[in-house]
Structure formats: C-alpha cells, structure tokens
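# Residue-level structure breakdown
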Amino acid sequence: MVVGEFGKEVDVLVIGAGPGGYVAAIRAAQLGKKVTIVEKDKLGGVCLNVGCIPSKALISAAHKYELMNDDQGMGITAENVTVDFAKVQEWKQGVVQKLTGGVETLLKGNNVEIIQGEAIFVSEDEVRVNRGYESERLKFNHCIIATGSRPVELKPFPFGGRIISSTEALALKEIPKSMVVIGGGYIGIELGQTFAKFGTKVTILEGENQILPTFEKQVAQLVQKNLKRLNVNVVKNAMAQSAEQDENSVTVTYKVKDKEETITADYLLVTVGRKPNTDELGLDMAGVKVNERGLIEVDEQCRTSNERIFAIGDVVAGPALAHKASYEGKIAAEVIAGEPSAVDYKVIPAVVFSDPEIATVGLTEAEAKEEGYEVSVGKFPFAANGRALSVNATDGFVKVVANKENGVILGAQVVGMEASNLIAELGLAIEMGATLEDVALTIHAHPTLGEMTMEAAEVALGQPIHMVK
Ligand SMILES: Cc1cc2nc3c(=O)[nH]c(=O)nc-3n(C[C@H](O)[C@H](O)[C@H](O)COP(=O)(O)OP(=O)(O)OC[C@H]3O[C@@H](n4cnc5c(N)ncnc54)[C@H](O)[C@@H]3O)c2cc1C
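Read on for a plain summary of the structure. Since we're looking at a predicted model, the values are computed, not measured.

## Considering the overall build of the protein chain
What the protein chain contains, in helices and strands, is 14 helices and 22 strands. A globule of 469 residues ought to have a C-alpha radius of gyration of about 23 Å, and the protein chain, at 24 Å, matches this closely. When its C-alpha atoms are laid out on the principal axes, the protein chain stretches across 75 × 60 × 45 Å. Classification of the 469 residues of the protein chain by burial places 51% in the buried group. When the accessible surface of the protein chain is totalled, it reaches about 22,400 Å², and 51% of it is carbon and sulfur. Counting 46 positive and 63 negative side-chain charges, the protein chain places the centres of these two groups 3 Å from one another.

Next comes the structure, spelled out in structure tokens:
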C-alpha cells in the first residue's frame, strides 16, 4: 500500500508490544475486542529484550560465579572456576527468546493481529505504519499508546563506540577489564555490581551524596557495603564533565566539589535515566497532549486528551516499571471494553535486583510522616532469622510501617536475599487493608524468610519473640 490510500479499519489499535502493550492487547481481546498491535522492533519491548529479563539473567549468572569462588565459611571450595562469557550470553539470549516467543504465541492465541512497523499518527483516528519503503494506514476506533522509553543520552557523552547504554552493556561479548558507570540509580547499580562480580574493575560516579538516592539511606548503605566488598569504587557528589575515547578505551573527566579527576576504562556506561518515546509519534496530529518532560497526560482511566486514545507504561507519569505498565494496560483495555475501571496506585512495588536485593511498597516511614500519620514501625533483621542464617544471608531487614491509630499497614521495605519475593505479601497486605495484627496472626512456615514479615509486624506491636526489645 502507499501513503494516502484509504485506511484499513481496526477496532482497538495498540502501538508498542512491551509489557504495557502486549498485556493491553491480550486483555482487550479477552474482553471481546478485535485487536491489532503494531511493533517496530521486537515483541516484548524493552523489558523482555534489553531490560528486566536479560539483566536478571546476567545478575543470576554473576551471582552463581561469585558463590562458586567464595567458600563462605561452609567448608566448600572450588578451584579453577571459569566463565565462558560467550556461553553466558547465549544462555541469556535463549531465555529472552523463549519469553518473546511466548508473547507471540499468546498474542496469536488471543487472535490479536500483529503488524510489524513504526506507527505515526496522521490524524485524530488514524496512524500510518511505516515498514521500510512500504506503508499502510490504519483507522482506529480506539488506540492505546505503549511506545515505552529509551536511555537518556547526555550531551557530553553521546552513545557510540566505548560510550554505551544499558542495551549495549547487556550485550557485551567479553567481560570488560574496567568500566565507569555514570549514575548510581537502580540500572547502574544492577549492571555495575554484576560486572564487578564477573571481575570487572568498576567505578560508579553518582551526582548525589548517596547511591540509589530514591531509597532510604539505611537501605542504600547495605548495597554500598557489598559494593565495597567487590572493590567497586563509588564516587559520590561526582559530576561527570566529558569523555574522550579511542579504539580501546575511554577517559572520563569528572569533578568532586571543585577538584577535577580523570579515569580511563574499557567502557563508559551511562545510566542516568530514561525518556519517553513520544517525540516522533505525531502526537500533535492526534491532539494528544504531553507535559514538559514529554510524558503523555492521562486521566485515572489512562485516557489522553483525545477521547479515543489511551496511554500506558513508560510514556505516562509514575515509576517506569514493567508491572506498572502491564497494570495500566489492563485498565485501559477494560475501560475501552466499557468497564468502569480506574487506576489505583497505592501498591506499586519497586525492586532493585542488587546484592542484597531491595524491595519497597507503599509509603516509607518518612513519607508516611509527611502525609501526617503517626506511625508504628517494626524492623526485623535477617541476622535473627533461622532460614537466613542457614542459607548464609544475614545482611538485611524487613521493615513495616503502619498507621499507629489503627494498625493498618501503610508501607514496607525489605533489603536482603529474596526481597523481591518477600515484598509480595506486604503488597497484598496493603491492598487488603490488613493491620499489623492480621500479619502477625498469620501462621508463617518455619524456617522461612517469610517469617520475618510476621516478626516485623510483631516488633511494631511491641511483642517480638526472636528479638529483645
Ligand atoms: C536495563 C533495564 C532493566 C530493567 N529492569 C526492570 C525490572 O527489573 N523490573 C521492572 O519492572 N522494570 C525494569 N525495567 C523497566 C522496564 O523495562 C520498563 O518499565 C518497561 O519495559 C516499560 O514497558 P512499556 O510497555 O511501557 O514500554 P517498552 O517495554 O519500552 O516497549 C515499548 C515498545 O514500543 C515499540 N515502539 C516504540 N515506538 C513505536 C512506534 N512508533 N511504532 C511501533 N512500535 C513502537 C518499541 O520498539 C518497544 O518494543 C528495566 C529497564 C532497563 C533498561
């Protein structure tokens, strides 16, 4: 088809097949809609292809390697443990392919039409899909924008050659000898720590006076301690200025207070944030408003300023996380299908797959106080939990924050092994409006890390068993 021909009519058009888009497409199809999804790159989006999944795969491989090299006082030693990094990458890619293949099967199994190409709005109810020299027009009743985000590129550090984003870092063919990371947020920490475990000499430059600056200090400190153990050089209050690269290395200049320093490494990884893919979509043609940060403005039903068009995931405000994108995808699909759904953001867990892991949900103690609550707080250490001791993971704690007046749980933070899984119970507790007593009175299997949730609730109630007050 050529541009200008009459558009094919589609009912629900989803643009982008990441965790927002593909979930929205499946749910809309389940609710009886005829759905078409357009993807310009690979099904699964950032999360499955160059984000959540490949990073977690590399993290687990690096962790395995670290454990094999470390006696840990258990009396088990191994010699000549080696890493075949090409094999690690092949395995990682296999995991990605299994999952992206699964997304294709699910879309097809729900009769979602998949179109490969780049969608651009040409009017309030029409997009043009470009595919090489070809293009076709699609006229829609409803559309869901789920085009996600891409790494922020800093002017002095344009991506290319030795200056890389998370995408290239995840696909490196060899373990670098050295790496500088600009940005100590969760992506920088996860990747920096992973390469450090594989043996890379890592330096992290963080502009604030704490790594993971969006998390509580005591939480970030436990990760900092582990980074130190791995010989990672964390430079705080560091302002990266410029970089010069040649074929084999890159030299970065940065300032701490007023002192200028330089450092040379194999690669410079820039992880200073992500920006929404909303600039090349023709949103003005569609009458879809964006804010000054390029995020699409939506109401509580994910509807944009154009009634027919919805937006979800990294292109709208809120934490740029896969489960948030999928959640919004379901809401948008339900609203299009005529259901009275709306978003409720009280429970969006956030996990950093650092070592130790960090997981949070709901309000922190400081946030709860800011909102005017008088709080009861219970904190239980991994070091006092039998399971944590028997798996040799004693760093960390479970912290529960509750409303003092009625015991209703407002938030929780977990640092330590399996924090990513432990947080689920506390998310459910908040969603259900559970109190400290509800959690404390729930029988938790012994010996498990999950018992710490019960014990943290008991601490908050002033009656812990395995801790002296
Ligand atoms: C290294 C890394 C690690 C991460 N780890 C985690 C994690 O552990 N947990 C977590 O929750 N989140 C994680 N994230 C964030 C997560 O990947 C994103 O929040 C999530 O992918 C957002 O989903 P989305 O559907 O909004 O967009 P995306 O996943 O970005 O998908 C958007 C899709 O739209 C396509 N597209 C864009 N424009 C067009 C167009 N014009 N036409 C057609 N198609 C288009 C893109 O090709 C892409 O496939 C990580 C991100 C990175 C980079």
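## Considerations on the nonpolar core
Most often, soluble globular proteins have nonpolar side chains that are buried together. Among the nonpolar cores identified, the biggest contains 37 residues, and Leu212, Leu227, Val232 and Ile358 are the most heavily contacted of them. Secondary structure elements with two or more residues in this core: helix H3 (52-68), helix H4 (85-109), helix H5 (166-170), strand S9 (178-182), helix H6 (186-198), strand S10 (201-205), helix H7 (217-229) and strand S15 (267-270). Beyond its immediate stretch of four places on either side in the chain, leucine 227 contacts Ile189, Gln193, Ile204, Ile211, Val232 and Val234.

## Thoughts on the pairing of strand S22 (residues 409-415)
In terms of burial, S22 is a largely internal element, seven of the seven residues being buried. Taken together, the five bridges between strand S19 (residues 358-362) and S22 define a ladder with antiparallel strand orientation. Note on S22: the bridge partner recorded for glycine 362 is glycine 411. Strand direction decides the pairing type here: strand S21 (residues 397-403) and S22, joined by six bridges, are antiparallel. Note that in S22 the partner of alanine 402 across the bridge is isoleucine 409. Hairpin connection between S21 and S22: a loop of five residues separates the two successive antiparallel strands, and glycine 407 in this loop has a positive phi of roughly 80 degrees.

## A closer look at unusual backbone geometry
Both trends apply: most residues other than glycine have a negative phi, and most peptide bonds are in trans. Omega for the peptide link from aspartate 355 to proline 356 comes to 0 degrees, which places this bond in the cis form. Looking at the secondary structure, you find proline 356 in the loop between strand S18 (350-352) and S19. Following histidine 446, the chain continues into proline 447 via a peptide bond in cis, with omega recorded as -10 degrees. Looking at the secondary structure, you find proline 447 in the loop between helix H13 (436-440) and helix H14 (451-460). Positive phi, normally seen in glycine, also occurs at asparagine 392, with a value near 60 degrees. In this fold, asparagine 392 is placed in the loop between helix H11 (386-390) and S21.

## Observations regarding the site of the ligand
In the region of the ligand, 40 residues are neighbours, and Gly20, Glu39, Lys56, Asp314 and Ala322 sit closest. Within the contact set of the ligand, an oxygen atom lies 2.6 Å away from a side-chain nitrogen or oxygen of glutamate 39. The contact in question runs from an oxygen atom of the ligand to an N or O atom on the side chain of aspartate 314, over 2.9 Å. Its free accessible area being 1,000 Å², the ligand has 95% of it covered by the protein chains.

## Notes on the side chain of aspartate 266
In this structure, aspartate 266 sits in the loop between strand S14 (259-265) and S15. Among buried charged residues, aspartate 266 stands out as having no salt bridge; its nearest opposite-charge side chain is lysine 177, 5.1 Å away. In this structure the side chain of aspartate 266 is engaged in a polar contact, spanning 2.8 Å, whose partner is the backbone nitrogen of lysine 177. Excluding residues that lie within four positions of it along the chain, aspartate 266 makes contacts with Arg162, Pro176, Lys177, Ser178, Asn248, Ser249 and Val250.

## Observations concerning the packing of aromatic side chains
One pass over the structure, following the stated rule, counts five aromatic pairs. Look at phenylalanine 85 and phenylalanine 198: their rings are 5.4 Å apart centre to centre, the planes differ by 80 degrees, and that puts the pair in the edge-to-face class. Of the two residues, phenylalanine 85 is situated in helix H4 and phenylalanine 198 in helix H6; the sequence distance between them amounts to 113 residues. Phenylalanine 198 matches phenylalanine 85 in its accessibility class, with the two residues each being buried. Its guanidinium or amino end placed over the ring of phenylalanine 397, lysine 379 lies 4.3 Å from that ring's centre, counting from NZ or CZ.

## Points about the pattern of salt bridges
Throughout the structure, instances matching the rule amount to 19 salt bridges. Lysine 197 serves as the salt-bridge partner of aspartate 355, at 2.6 Å between the closest nitrogen and oxygen. Taken together, the residues span a long stretch of sequence, with aspartate 355 in the loop between S18 and S19 and lysine 197 in helix H6 at a distance of 158 residues. Judged by its relative accessible area of 9%, lysine 197 is buried. Linking lysine 225 and aspartate 395 is a salt bridge whose minimum nitrogen-to-oxygen distance equals 3.1 Å. Of this pair, lysine 225 sits in helix H7 while aspartate 395 sits in the loop between H11 and S21; the two residues are 170 residues apart in sequence, bridging distant segments of the chain. Within the structure, one salt-bridge network assembled from shared partners comprises Glu66, Lys197, Arg229 and Asp355.

Calculation criteria
- Residue numbers restart at each chain and count upward from 1, following the sequence in its written direction.
- Only residues with pLDDT of 70 or above have their local features reported here, since the model is predicted, and side-chain atom pairs are shown and tallied only from 80 upward, although totals for entire chains, interfaces and linings are computed over all residues.
- Remark: hydrogens and water are excluded; side-chain values derive from all non-hydrogen atoms of the structure.
- Helix and strand definitions here come from DSSP, where helices need a minimum of 4 consecutive H or I residues and strands a minimum of 2 consecutive E residues; each element is numbered from the N-terminal end.
- Our radius of gyration looks at C-alpha atoms and nothing else; its globule reference is 2.2 Å times the residue count to the power 0.38.
- Exposure classes here rest on a 1.4 Å probe applied to the protein chains alone. A residue is buried below 20% of its type maximum, exposed above 50%, and partly exposed in between.
- Computed by Shrake-Rupley with a 1.4 Å probe, the accessible areas treat only the displayed protein chains as cover when residues are assessed.
- Counted charges follow a simple rule, with Lys and Arg positive, Asp and Glu negative, and His plus the chain ends left uncounted.
- Where a charge sits is defined by one atom per residue type, namely NZ (Lys), CZ (Arg), CG (Asp) or CD (Glu).
- The criterion is simple. A nonpolar core is a set of buried Ala, Val, Leu, Ile, Met, Phe, Trp, Tyr and Cys residues joined through side-chain atoms within 4.5 Å.
- Whether two residues touch is decided by their heavy atoms; if any such pair falls within 4.5 Å, the residues are in contact.
- Paired strands are those between which DSSP finds at least two bridges.
- Throughout, the term near means that a residue has one or more heavy atoms lying within 4 Å of the molecule or strand in question.
- Under the rule applied, a polar contact is a pair of N or O atoms within 3.5 Å (in protein, one hydrogen donor and one hydrogen acceptor; residues adjacent in sequence only if both atoms are side-chain atoms).
- For salt bridges, the criterion is a side-chain nitrogen of Lys or Arg within 4 Å of an Asp or Glu carboxyl oxygen.
- Between 30 and 60 degrees the pair is tilted, below 30 it is stacked and above 60 it is edge-to-face, where a pair is any two Phe, Tyr or Trp rings, Trp via its six-membered ring, whose centres lie within 6.5 Å.
- Counted as over-ring charges are cases with an Arg CZ or a Lys NZ within 6 Å of the ring centre that also lie within 35 degrees of the ring normal.

All quantities given are derived from atomic positions and should not be read as evidence of function.
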